[in-house]
Amino acid sequence: MDWSLIISILLNCLYAGASALDEDCPTLDDGDNLSQTQLLDRLTHGCRYDRLERPITYSETGQRLPVDVYMRAYIYFMQNLEAHDLQFKIYALLQMRYLDPRLNFRNVSPKRRQPILGEEHLRNSLWMPHIFLANERDSSILGLTEKDILTSISPDGTVIVSNRIKATLYCWLNLKKFPFDEQHCSTVLESWMYNTSELVLHWEQKRPITYDGALHLTEFVLQRSWSNETVINADLSDLRHGAFAGNYSSLSFTVHLTRVVGFYLMDYFLPSMLIVAISWVSFWLQADQAPPRITLGTSTLLTFITLASAQGKTLPKVSYIKVSEVWFLGCTIFIFGSMVEFAFVNTIWRRKKSVPVKKLNSKHILKSTLSPNLLRRRSHARSRSFSGTALQKAADTGSLGGGGFNNYLTVNLPITTIKEGQVMDQQRTSRGVQKMDVNFVESAFGSVGAAHSSGAISTASSSQTLTNNNRTDSAGHQEEIDLSGWTTLTPQEIAMWIDSRARFVFPLSFLVFNLFFWTFVYCI
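From a predicted model like this one, the values you see are computed outputs, not experimental measurements. (Residues numbered from 1 in each chain as written. Predicted model: local features only at pLDDT ≥ 70, side-chain atom pairs only at ≥ 80, totals over all residues. Heavy atoms only, no water.)

### Remarks on the state of the cysteines
Applying the stated criterion across every chain yields a total of two disulfides. Each disulfide pairs two cysteine sulfurs, and for cysteine 25 the partner residue is cysteine 47, the sulfurs being separated by 2.3 Å. The chirality of the disulfide connecting cysteine 25 with cysteine 47 is right-handed, given an S-S dihedral of about 70 degrees. Of this pair, cysteine 25 sits in the loop between helix 1 (3-24) and helix 2 (36-43) while cysteine 47 is found in the loop between helix 2 and strand 1 (57-58), placing the two residues 22 residues apart along the sequence. According to the relative accessible area criterion, cysteine 47 is partly exposed, its value standing at 39%. Disulfide pairing places cysteine 171 opposite cysteine 185 at an S-S distance of 2.0 Å. Between cysteine 171 and cysteine 185 the sulfur-sulfur dihedral comes to about -80 degrees; the bridge is accordingly left-handed. You can see cysteine 171 sitting in the loop between strand 9 (158-170) and strand 10 (182-191) and its partner cysteine 185 sitting in strand 10, a full 14 residues away along the chain. The connectivity of the disulfide-linked cysteines in the chain, indexed sequentially, is 1-2, 3-4. (Disulfide = S-S within 2.5 Å. Helix = DSSP H or I, 4+ residues; strand = E, 2+ residues; numbered from the N terminus. Buried < 20%, exposed > 50% of the residue type's maximum accessible area, 1.4 Å probe, protein only.)

So this is what it looks like as structure tokens:
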């Protein structure tokens, strides 16, 4: 047996096996002479690197440690909040940083001090922590021909991945003080696959959230922002993390936005104030001018409703009352109140009977206007009571009942009493004031009682003057001034009096309403 032949065959087999082994797991020797692509291919070769497995590190006690991922966000554009959809859009650069010891090439290529840079292809060959936006409606990575992804691997194995993204995020708005509201909208980042025992998210220590200096919102002002780190406890009732229960690391940053009210002041509040003021013009029109006052009232009310509905179309239909709706209700009440005031004074203007008024002040005028029949009956009762008492006193002091003569002549004439020393109006006298003739009384009583009748009538005539009030106006009745102080006002006078008071009451009430409204808006 030729042992030399057998040995040579074995050596050739060993050499072939070693060569095949080298081809399956390329060596990292002489890494300084390798190109960047060659070095990355050898570092991420399947014999050394598994992109489905996270980096594994151990503590000094041999405990398996989670991967620490540090995040940073740069916001360079933010779109206004879309209130009807409860969402907002951001354009941002998200950057994550973590350590992967398997990609450490400091000992392999000591002369290579610069990080290795790549784009989407490099990122796809590495293990990446799966981070998602928990409150997103839609998101995507921006890019024209390729996705805007930048991947950097430092010599110590630190991996930095930057993505330029566009995201539409939900923001649950609180519109109770709209349009004087302040909103807090958050962006929430969470780990999708790994719980806190495998991966923990952190914000960078220095400036984790930065904003572009040219960032500007048309409807809001960015007041401030803050970041937060927390842990989300997911169970089977919350499938946001798939079907896995556990504690998941979460990051969030919140922006505090204040709405700019200049647009709403110029396009809603000031015009609505002018519309309410225009509705008060009807108080200077006469109460019987129904066509212009009705046209003015309805046109102002419809104009204001159209104005309010135009600005309310962009808002969601919420169940609670907003500040803008309080303003809408207040202005609507004032405009509607001016129309109700016209209907009231027009009804009074068309009355045919005068209204008795005890005193010329607001309380008694309104009371008499609202219940004219009751007060008219009271006025008649007092007038009749006073007239009967005065006539009885006149009869008692005369000589008709003093000398035993009991035959009286009853004269049923309507009488009106006046105060002592009061001169009856000349016009009233010309309408038929008739004085009782002494001779007429003498002829009625006869010659026996002529002397007594003459004395009695003379005494009564000196104390009271009996008149006949046969006035027939359009209503058939007009009240007189009696000793209790009652007087009368025509319906037209009452209507004009109410209009004159409304010219001051409505603006003053609207001023008080504005005082309370703006105090609530800015002070509460």
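Now that the structure has been shown, the text picks up again.
### Some details on helix 4 (residues 262-279)
Look at helix 4: 25 Å from first C-alpha to last across 18 residues, which is about the 26 Å you get at 1.5 Å a residue. Among the residues making up helix 4, those that are buried are Tyr264, Tyr268, Phe269, Ser272, Ile275, Val276 and Ser279. Residues of helix 4 that are buried sit in contact with strand 14 (246-259), helix 5 (290-312), helix 6 (323-349) and helix 12 (491-523). (Expected span 1.5 Å × (residues − 1). Contact = heavy atoms within 4.5 Å.)

### Describing the environment of glutamine 289
For glutamine 289, the location among the structural elements is in the loop between helix 4 and helix 5. With 57 residues separating them along the chain, glutamine 289 and asparagine 346 place their C-alpha atoms 8.5 Å apart.

### Looking at the packing of helix 4 against helix 5
Two elements in contact, helix 4 and helix 5, have axes whose closest approach is 9 Å; the angle formed by their N-to-C orientations is 165 degrees. Between helix 4 and helix 5, the interaxial angle falls into the category roughly antiparallel. Classified by chirality, the crossing of helix 5 by helix 4 is left-handed. In this structure, helix 4 contributes Tyr264, Asp267, Tyr268, Pro271, Ser272, Ile275, Ile278 and Ser279 to the contact, and helix 5 contributes Leu296, Thr300, Thr303, Phe304, Leu307, Ala308 and Gln311. Split by residue class, the contact of helix 4 with helix 5 holds nine nonpolar, five polar and one charged. (Axes fitted to C-alpha atoms, helices over the stretch in contact; angles between N-to-C directions. Parallel < 35°, antiparallel > 145°, perpendicular 65-115°, else oblique. Left-handed = near helix turned anticlockwise from the far one by under 90°. Nonpolar A, V, L, I, M, F, W, Y, C, P; charged D, E, K, R; others polar.)

### Some points on unusual backbone geometry
Here the residue pair phenylalanine 178 and proline 179 is connected by a cis peptide bond, since its omega of 5 degrees sits within 30 degrees of zero. Summarising the element assignment, proline 179 is placed in the loop between strand 9 and strand 10. With a phi angle near 55 degrees, leucine 86 is a residue other than glycine that sits in the positive phi range. Along the polypeptide, leucine 86 turns up in the loop between strand 3 (67-78) and strand 4 (87-99).

### Some words on the side chain of threonine 254
Take threonine 254: it is sitting in strand 14. Of the polar contacts made by the side chain of threonine 254, one reaches the side chain of serine 186; its length is 2.8 Å. Other than its neighbours up to four places away in sequence, threonine 254 contacts His184, Cys185, Ser186, Arg224, Ser225 and Trp226. (Polar contact = N/O pair within 3.5 Å; in protein donor to acceptor, adjacent residues only side chain to side chain.)

### Looking at the confidence of the model for the chain
On average, the chain scores 78 in pLDDT, and the residues at 70 or more come to 72%. Scored below 50 in pLDDT, residues 16-21 makes zero contacts in the model with residues more than four places away or belonging to other chains. Counted against residues more than four places away or in other chains, residues 386-391, with its pLDDT under 50, gives five contacts. (pLDDT = per-residue confidence, 0-100.)

### Things to note about the pairing of strand 4
Direction of pairing for strand 3 relative to strand 4: antiparallel, over a ladder of eight bridges. Its bridge partner being in strand 4, arginine 72 is matched across the sheet by glutamine 95. Summarising the sheet, strand 4 and strand 9 pair through 13 bridges and their orientation is antiparallel. Within the sheet, the bridge partner assigned to leucine 99 lies in strand 9 and is threonine 158. (Pairing = 2+ DSSP bridges.)

### Remarks on the pattern of salt bridges
Summed over all chains, the structure comprises nine salt bridges. Residues aspartate 100 and arginine 102 are paired through a salt bridge, measuring 3.1 Å at the closest nitrogen-oxygen approach. Look at the salt bridges and you will find they share partners, linking Asp181, Glu219 and Arg259 into a network. (Salt bridge = Lys/Arg side-chain N within 4 Å of Asp/Glu carboxyl O.)

### Considering the sheet that holds strand 14
In space, the four strands of this open sheet follow the order 6-10-14-13, with antiparallel pairing throughout. Each edge of the sheet is formed by a strand with only one pairing partner; in this case those strands are strand 6 (131-133) and strand 13 (220-234). Looking at each pair of strands side by side, their axes are set apart by 20 degrees on average, direction ignored. Taken together, the three bridges between strand 6 and strand 10 define a ladder with antiparallel strand orientation. Considered in strand 10, the bridge of phenylalanine 132 is made with glutamate 190.

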